[in-house]
Each structure stands twice: as C-alpha cells, then as structure tokens.
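Understanding the architecture of this molecule
Below, each chain spelled out in residue letters.
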Amino acid sequence: MRLPRFNQGRVPLSARASSQAPARLPVTWSPRMEPLPALAVAGVGAVALALARRALAADDARLGAWSGVAGSDLLVLLGEAHSLPWVDGAVYLGRDGAAPSLLLPCALAPEVAPALLERALVAHASDGAPLAVLPRSGFLVPVGAARPVARETLAAWLKAAEGSP
Amino acid sequence: MSLTFEDAAASLRDALADAGRGLVEREAMVELVALSAVAGEHLLVIGPPGTAKSEAVRRTARALGGSYFEYLLGRFTEPSEIFGPVDLRKLREGTVETETTGMLPEAEVAFLDEVFLGSTAILNTLLGVLNERTFRRGHTRMKVPLRVCVGASNGLPEEESLAAFADRFLARIFVEPVPDPRLEELLAGGASLWREGEARVASLQALDVLARAAQESDLAPVRPHLAHALRTLRASGIGLSDRRAVKVQRLIAAAAALAGRRTPGVADLWPLIYAVPTKEGQALAREVLRELLAATENPALAAAALEASAGPLARAQRIARAGREVLAGRPGEGAEELPAWRLKLEGVVREMDAGFAPEALPTELQALREEIRMVLETDAPAVPAAVAQA
C-alpha cells in the first residue's frame, strides 16, 4: 500500500501529509458476509472529483455534518451513514470492532486477522490512527485530523484538483 | 373458486407489502404475524409502549382479511370484556352460556396488549383458545376460528406460572423505538398512515391454502440442517425446549409456503431465531448460526428473514424491494419533493455499495443499481455557480 502525498498548500480540509515509503502487505480481501455500518465515503481520482461536486450540491446543513480529509488524488468524507453522499465508484468505509483504528471497506473483509492488519498498518503510518484503508486503489489515509467541511474550502480544493493534470 | 398455491402466495405477499408501508422498523413484525398465522402459531411482541405494535397488527389483520379483535388488558379486566358477556336469556334457563359475538372467540386474528396483566381466569381460558383453538367457559364449548393471536408486553414475565403461559407463544420478536437516523422516516411514515390509501387485501382463503401447503410440505430434506442448527444452539448454551424445537418446524414450513416453495430448504431455517425465547438468546443465535443462515431468502418476508439471518440474499431482497418502491414513487417534474426523492434513491444505491462488493452484488440488484444510477446522473443537482467559481 502507498500513502498519498497530500499537497498541503491546497488541502485546507486535510490531515497532515505523509511521505512514508510504500509498505507492501500480502493482504487479500473477500466480500464480507455482513457489511460494516458506513462511517465514511472515499473517492479516488475522478470519483473524488465527482464526490466533491456532489458534496457541494448538498445543502448547508448536510455539508456541515461532514468532516473530511483531502489529498491530491482523493477525498474522504466522514459522517453518519444515512447522510453520506453517493457517487458511482465511491467506497464506503466502516469500523470493524476487531480493528478499531482502521476504517475498512464496509463490504470487504481482510483475509488476515483484522487486529494483525491494524497493528501492521498503524506501525507503518507516521501520521497515526485512525486510518482509512482503500485496498483496491492502494491508499492508506490518516483521517484523525479530519476537519468539518467548509463549502469554500472544498470548492477551492475541487477547482485546484480539476486544474491539475 | 379455488385458489392455487402460487396465487395464494402472491396475494399474501402483495398484501403484506402494503400492510408494512409507512411502518418504520415494524416490517419484520408485520411479516411475523403473517408467518405465525400460516403456521397456526402465536406471536409475542416485547417492547416499550408507543412503538406501533397495535398499528402493525391491525394493518396485518386487515391485509389477511380476517375478523379482528383487539384489547388492552389490565389487572381489573373482566373475562366478559374479552370473551363476551353471559347470555342472560340462557342464564334464566339455568345454563351459563357466553354471548361471543364480536369478541375474541369469534376472531380470526387477535391482539392482546399487556397480555400478562390478564387475570388467572382470563389466562386459563386463553390457554385453551391458544393451544386447542377451543373456547370453554361455563356451559359454552366452541371451536374458535383463531388463526393467530399476537400478545404484547413490555417485558417477559418472571413468575413461573406466567412463563408457562408465555411459552404458548412460539415466535417472539423484541422491538425497540425507531433509531435516530430513521426519525424523519418515522414522522413521514406516521403521517402517511393517517391518509388511508388503497391497500391490497389477501383473503383467509389464501391464508388457508398456504397453511395447508405448509402442513403437507415435506420437511425431511431440511430436518438434518435444522438438527445441526439446534445442536449448534445447544453447544452455545442457548436453551430451546424440545417442544419449541419440534414446533419450530411449523414456522419453517410456513416460511417456505409464503416464499412460494412447497419443500422447505436451508433458505427457510431462519424462523428458528424467533423461536429462541429471550432477546439475548436471539442475538447470540444470530451469531452462531450466521453461516448456516447465509442462504436465507424470502421475497414475502424479506424484513423478518433479514433480521433473523443478516444474510446477503435476504439483504439484497430487502434493498431491491425498497429501491423499486422509491423508484416507483417519483414525483412529477419540477415538484418540490424531487430533491428528497433523489436523496432516497441515493440512500438505496449507498446501501447497495456499502453492503456488497461490486463483484458480489446479486444480479437482482445490478439491474436496479444501473437504473437508479441513470436516474441520478441524468439530472444530477448542479453545484451552485458562486461556489463553483470560488
């Protein structure tokens, strides 16, 4: 897994950047029998932009209920399950009681003991827990420093992201 | 005109879907009333007052099409308030007969709130009604047409004599107040109940066709799986009396019949959870039987099957049903309700995406998801211009 390098100058929502070297874990994932309740939604690349646009289209009350972390290529919004926005391709994340420091995909379970995975990932993340884990796109995102989403800052992030190659 | 098994199952399924509409978090209860009615068993609902228990039973009774009797019992309730007054003309002739018109002995569906507050005389008479479908009082002896009795209480009784009475209710469901995230739905659903719409109604004939099919169904193929489940429960310390273990087969057969199956299979084992007598026992049973109940599915009783099994197929059925309902309720172009409707649609696809890995999304949901995606993406809300230019 690799840690995204956040561009701090353009990411007023985000957690601190991390530039730690990629850590590789031979972890496979399989569909979860019973999904985790969603606590966050994440988008990577074009999905992150779509997620930001969708979030900006929400009314102030809904937007204010979310907190977020943004990187140069991704956006994570945290909030109550019933309020989280939807865009095609977004990944919903929840907390497994056996690995409370991680936000794991609601519908996927690691094929290693969650507690072991948690220990390994937290040890690799200099920014500390909790960590959002996006196995399919390979991101590990520290979300502990998530900030309430402000419309202007999210719009500025979107504009910058749309402008970047 | 005789009703086919398939038609009976379909008509009950439609009627139950209408009965549950607007009742937030009570869909499983509605379905369990019907399941118990088909099985010829009784249901006990445990939960605090004001949780729409009686509304759920009332609506189900209407959906089933039978005559309905409802009463709130208290310490001072007289037997005549439940079973009917003594017939004074007959009394002059020296016989104690009960005039049962409009009372419990003539009901096909009954709801007794605070059932454990009944006096000994009431509970003793009720025992005969529940067990043998026979009403005995004074000189009156009559067979009762009761298909299902739903008892409700705030909690399970601790006294041994009442516990024995409570044991006559094979199925049990524990209800809680509607959770915070669903309060908006509760308010909207509650308001919609005041505007009584056209609800489809099955018929007692449909109920009886299914009940007969359940009685005649071949339980042999599912029995080894049920025995395995019971052994698993015992190994986990979950007490289920032999009587309950035997009688749960009636619920399983009824679940299969309501799903349109003549032969019960592993998909129909889930009612076992509701036969576990305590709330804690049911929660533990769900955990230890999770793998066995993963095959659970029942299009007519989607909420009850899902609540019991937490299985993916039952979950997919419930989401699909909710999604189709939301899609069908599209407001007209330009209507004020359009944004709220879109949010509901988003809620449906969010539940799909949070609940299933893309490769594990059941076929039924794939098509529905695509349909909703198209709707959401063709008229997506615009980002306010001022913000977009920030």
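Attention in this report is confined to the structure presented alongside it. The shown structure was predicted, so the numbers you read here are calculated from the model rather than taken from an experiment.

**Points about the overall build of chain B**
Of the regular secondary structure elements, chain B holds 18 helices and seven strands. Its C-alpha radius of gyration of 23 Å places chain B within 12% of the 21 Å reference for a compact globule of 390 residues. Counting only C-alpha atoms and orienting by the principal axes, one finds that chain B spans roughly 90 × 45 × 45 Å. Here chain B holds 390 residues, and 51% of them are scored as buried. Put simply, of all contacts in chain B between residues at least 6 apart along the chain, 73% involve residues at least 24 apart. With the model as given, the accessible surface of chain B reaches about 17,500 Å², and the carbon-plus-sulfur share is 55%. Positive and negative charge centroids in chain B, built from 45 and 54 side chains respectively, lie 4 Å apart.

**With respect to the pattern of salt bridges**
Residue and element names in this part refer to chain B. Within the structure shown, the criterion is met by 27 salt bridges over all chains. Across the pair E41 and R250 runs a salt bridge whose closest N-O atoms are separated by 3.1 Å. You can see E41 sitting in the loop between α2 (27-39) and β1 (43-46) and its partner R250 sitting in helix α11 (residues 242-258), a full 209 residues away along the chain. Between E55 and R58 there is a salt bridge, and its shortest N-O distance comes to 3.3 Å. Remark: R58 and E55 occur in helix α3 (residues 53-64); sequence separation between them is three residues, near one turn of the helix.

**Notes on the interface of chain A and chain B**
Contact residues are listed per partner, giving 26 residues for chain A and 30 residues for chain B. For the pair chain A and chain B, the two sides together bury roughly 2,400 Å², of which 61% comes from carbon and sulfur. Contact with chain B buries surface across chain A, with M33, E34 and W86 of chain A losing the most and accounting together for 29% of the total. For the pair chain A and chain B, the interface holds five salt bridges. Where chain A meets chain B, there are ten residue pairs in polar contact (both at pLDDT 80 or more). Counting only elements with at least two residues in the side of chain A that touches chain B, the list comes to α1 (46-56) and α4 (151-163) of chain A. Of the residues contributing to the side of chain A that touches chain B, the split by class is 14 nonpolar, three polar and nine charged.

Definitions and limits used
- Residues numbered from 1 in each chain as written.
- Chains lettered and ligands numbered in written order.
- Predicted model: local features only at pLDDT ≥ 70, side-chain atom pairs only at ≥ 80, totals over all residues.
- Heavy atoms only, no water.
- Helix = DSSP H or I, 4+ residues; strand = E, 2+ residues; numbered from the N terminus.
- Rg over C-alpha atoms; globule rule 2.2 N^0.38 Å.
- Buried < 20%, exposed > 50% of the residue type's maximum accessible area, 1.4 Å probe, protein only.
- Contact = heavy atoms within 4.5 Å.
- Areas by Shrake-Rupley, 256 points an atom, 1.4 Å probe, with all protein chains shown as cover.
- Lys, Arg positive; Asp, Glu negative; His and termini not counted.
- Charge placed at Lys NZ, Arg CZ, Asp CG, Glu CD.
- Salt bridge = Lys/Arg side-chain N within 4 Å of Asp/Glu carboxyl O.
- Buried area = accessible area lost by both parts, 1.4 Å probe.
- Polar contact = N/O pair within 3.5 Å; in protein donor to acceptor, adjacent residues only side chain to side chain.
- Nonpolar A, V, L, I, M, F, W, Y, C, P; charged D, E, K, R; others polar.

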